[in-house]
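An overview of the molecular structure
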Amino acid sequence: MLQMGVILPSGSAWASPVVLVPKPDGEIRFCMDYCKLNAVIRPDNYPMPHTDELLEKLGRAQFISTLDLTKEYWQVPLDESAKEKSAFTTQVGLYEFNVLPFGLRNAPASFQRLVDGLLAGLGEYAVTYLDDVAIFSDSWAEHLEHLQKVFERIREAGLTVKAKKCQIGLNRVTYLGHQVGQGTINPLQAKVDAIQKWPVPKSKKQVQSFLSLVGYYRRFVPQYSQITAPLTDLTKKKQPNAIQWTEECQKAFNQLKVTLMSDPVLRAPDFDKLFLVNTDASEHGVGAVLMQEGPDQEFHPVVFLSKKLSERESNWSVTEKECYTIVYALEKLRPYICGWHFHLQTDHAALQWLHTATGNNKNLIWWSLALQDFDFDIQHISGASNKVADALSHESFPESTG
């Protein structure tokens, strides 16, 4: 980092500790614990782009390319007055950053301002959400011209892209959690996989878990009581735990799953309204749901998430599982919530101190730092009020590859 000019020796009165965070691809991310600094930084309210508007532009295109900027924050220079505040301690001295470090609360807004300036005047064929740049065109000849102009801007700005993460000249691409191109915009199947792959219940308890999820949205399901009657009969006290699954049960089960994956239950996101994320962890799985208040003043789901824990993860403490659930959910929901303030609800009270996690538990410290890019507050709710995420965590499935 010294050789690259990313950092320089410091004599600052400010100092933050270093934490090395493992990335999903096996690399190590060099992070600072800027919790105390973030608490006194004035917020940067530079607006983030609306994902739905970006997708609408891309959806009509016949040719699309996407670019991923390498170590995006390190490509943003810091003002002299900000450098001393970025100082961090190591075993070999105190250093400060010449460039924007990971972990600062205003980093997403600052980087979005940079890339918006980079593509100024090219909005008819180029958009960007943080480090995800997309170029779109109606013909191949136009696309080559558009790519040339964007690459020239990137070169003039001294920025670099990560080649292995780029998609060049395709008819359809994956962008911000959607498959787009050739006149269509389709959410990745993972958005509803947790519902679509819900297994046929084999016990009374599993039926109750499914009904708990569906029941939360019963006000949106016409004739809910009649549809669920074959399933609710299986949960009566006189019924044994080993259930008799009939054709009527299967019909009701299928109908309810279809209802959960479409209107009037599932809604498209509205980026002018506040998002609400519910999370929960069980012994062997994690679950979450992204929700938003609709015109009817009721909360509707936007995305369902569910994942089965590995054997190692299943041995974590309750607090570790609940914290991991938050990290997993927010990373999956990044296109919806990064750069926007949102509420996160959990029924595990200990996680209210997530923003200030300390001690010797490396998992909790790493996860706390990984969430510094997000602007949210944690609200503790009772388990009885967290039925959707709870049901998803108990009936969890291997993560979809999309």
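Worth saying up front: this structure is predicted, and the values here are computed from it rather than measured.

1. With respect to the overall build of the protein chain
Counting secondary structure elements, the protein chain contains 14 helices and 17 strands. The proportion of buried residues among the 402 residues of the protein chain is 49%. Split by element, the accessible area of the protein chain, about 19500 Å² in all, is 52% carbon and sulfur.

2. Some details on the packing of aromatic side chains
As enumerated under the stated definition, the model contains 14 aromatic pairs in all. Among the aromatic residues, those joined into a ring-pair cluster are Y73, W74, F102 and F111.

3. Side note on the packing of helix α7 (residues 204-216) against helix α8 (residues 224-232)
Contact pair α7 / α8: the axes reach a minimum separation of 11 Å and the direction vectors enclose 170 degrees. With respect to α8, the axis of α7 lies roughly antiparallel. Here α7 runs over α8; the crossing is left-handed. From α7, V207, F210, L211, V214 and G215 reach across to α8, where they touch Y224, T228, L231 and T232. Partitioning the contact of α7 with α8 into residue classes produces six nonpolar, three polar and no charged.

4. Here we look at the sheet that holds strand β16 (residues 341-346)
Taken together, five strands build an open sheet; the order of strands is β15-β14-β13-β16-β17 and the sheet is mixed. Edge positions in the sheet fall to β15 (299-308) and β17 (375-380), since each has one partner strand and no second. Put simply, the sheet's adjacent strands are angled 20 degrees from each other on average, direction ignored. Where β16 and β17 come together, six bridges link them in parallel fashion. By the bridge assignment for β17, H341 is matched with D375. Sheet contacts for helix α11 (residues 318-332): β13 (275-281), β14 (285-293), β15, β16 and β17; angle to β13, the most-contacted strand, approximately 140 degrees.

5. Some points on the pairing of β13
Burial analysis of β13 places seven of its seven residues in the buried class, which makes it a mostly covered element. Every second residue of β13 is oriented toward a common face, with F275, V277, T279 and A281 on one face and L276, N278 and D280 on the other, all of them buried. Taken together, the seven bridges between β13 and β14 define a ladder with antiparallel strand orientation. From the neighbouring strand, A281 faces β14, where its bridge partner is V286.

6. What about α11?
Between its first and last C-alpha atoms α11 spans 21 Å; for 15 residues at 1.5 Å apiece the expected length is 21 Å, and the two agree. Summarising burial for α11: twelve of the 15 residues are buried, a large majority. Those residues of α11 that fall on the buried side of the exposure criterion are T319, E320, K321, E322, C323, Y324, T325, I326, V327, Y328, A329 and L330.

7. Let's talk about the pattern of salt bridges
Counting across every chain of the model gives five salt bridges. K236 serves as the salt-bridge partner of D233, at 3.3 Å between the closest nitrogen and oxygen. By relative accessible area, D233 is classed as partly exposed at 36%. Take K236: its relative accessible area is 41%, and that puts it in the partly exposed class. The partner of R334 in a salt bridge is E331, with the nearest N and O atoms 3.0 Å apart. According to the relative accessible area criterion, R334 is partly exposed, its value standing at 22%.

8. Topic: the sheet that holds strand β6 (residues 93-97)
If you trace the three strands from one edge of the open sheet to the other, you get β1-β6-β5, paired in antiparallel fashion. The open sheet has two edge strands, β1 (7-9) and β5 (88-90), and neither has a second partner. Strand-to-strand twist in this sheet, taken as the mean axis angle between neighbours without regard to direction, amounts to 40 degrees. Note that β5 and β6 share three bridges and pair antiparallel. Across the sheet, the residue bridging to F88 is Y95, located in β6.

9. Here's the deal with α7
Taking 1.5 Å of rise per residue, 13 residues should cover 18 Å, and α7 covers 18 Å from first to last C-alpha, within 8% of that figure. When we look at burial in α7, the residues that qualify are K204, V207, S209, F210, L211, L213 and V214.

10. A few points about the side chain of S137
One can find S137 in strand β8 (residues 132-137). Of note is the side chain of S137, whose polar atom sits 2.7 Å from the side chain of H146. Excluding its chain neighbours within four sequence positions, the residues that come into contact with S137 are A61, Q62, F63, E142, H143 and H146.

11. Observations regarding the pairing of strand β4 (residues 63-68)
Of all the six residues making up β4, five are buried; the element is thus mostly covered by neighbouring parts of the structure. Sheet analysis places β4 next to β8, joined by six bridges and oriented antiparallel. From the neighbouring strand, D68 faces β8, where its bridge partner is D132. Sheet topology note: the β4/strand β9 (residues 167-170) ladder contains two bridges and is antiparallel. The partner of T66 across the bridge, within β9, is Q167.

12. Things to note about the packing of α8 against helix α9 (residues 247-260)
When two helices pack together, their arrangement is captured by the angle between the axes and the distance separating the axes. Running from amino to carboxyl end, α8 crosses α9 at an angle of 130 degrees, the nearest separation of the two axes being 8 Å. Between α8 and α9, the angle falls in the class oblique. As for the relative orientation of α8 and α9, their crossing is left-handed in sense. Of the residues in α9, those touching α8 at I227, T228, P230 and L231 are E248, C249, A252, F253, Q255 and L256. By residue class, the composition of the contact of α8 with α9 is seven nonpolar, two polar and one charged.

Criteria and cut-off values
Residues numbered from 1 in each chain as written. Predicted model: local features only at pLDDT ≥ 70, side-chain atom pairs only at ≥ 80, totals over all residues. Heavy atoms only, no water. Helix = DSSP H or I, 4+ residues; strand = E, 2+ residues; numbered from the N terminus. Buried < 20%, exposed > 50% of the residue type's maximum accessible area, 1.4 Å probe, protein only. Areas by Shrake-Rupley, 256 points an atom, 1.4 Å probe, with all protein chains shown as cover. Phe/Tyr/Trp six-rings, centres within 6.5 Å; stacked < 30°, edge-to-face > 60°. Axes fitted to C-alpha atoms, helices over the stretch in contact; angles between N-to-C directions. Parallel < 35°, antiparallel > 145°, perpendicular 65-115°, else oblique. Left-handed = near helix turned anticlockwise from the far one by under 90°. Contact = heavy atoms within 4.5 Å. Nonpolar A, V, L, I, M, F, W, Y, C, P; charged D, E, K, R; others polar. Pairing = 2+ DSSP bridges. Expected span 1.5 Å × (residues − 1). Salt bridge = Lys/Arg side-chain N within 4 Å of Asp/Glu carboxyl O. Polar contact = N/O pair within 3.5 Å; in protein donor to acceptor, adjacent residues only side chain to side chain.

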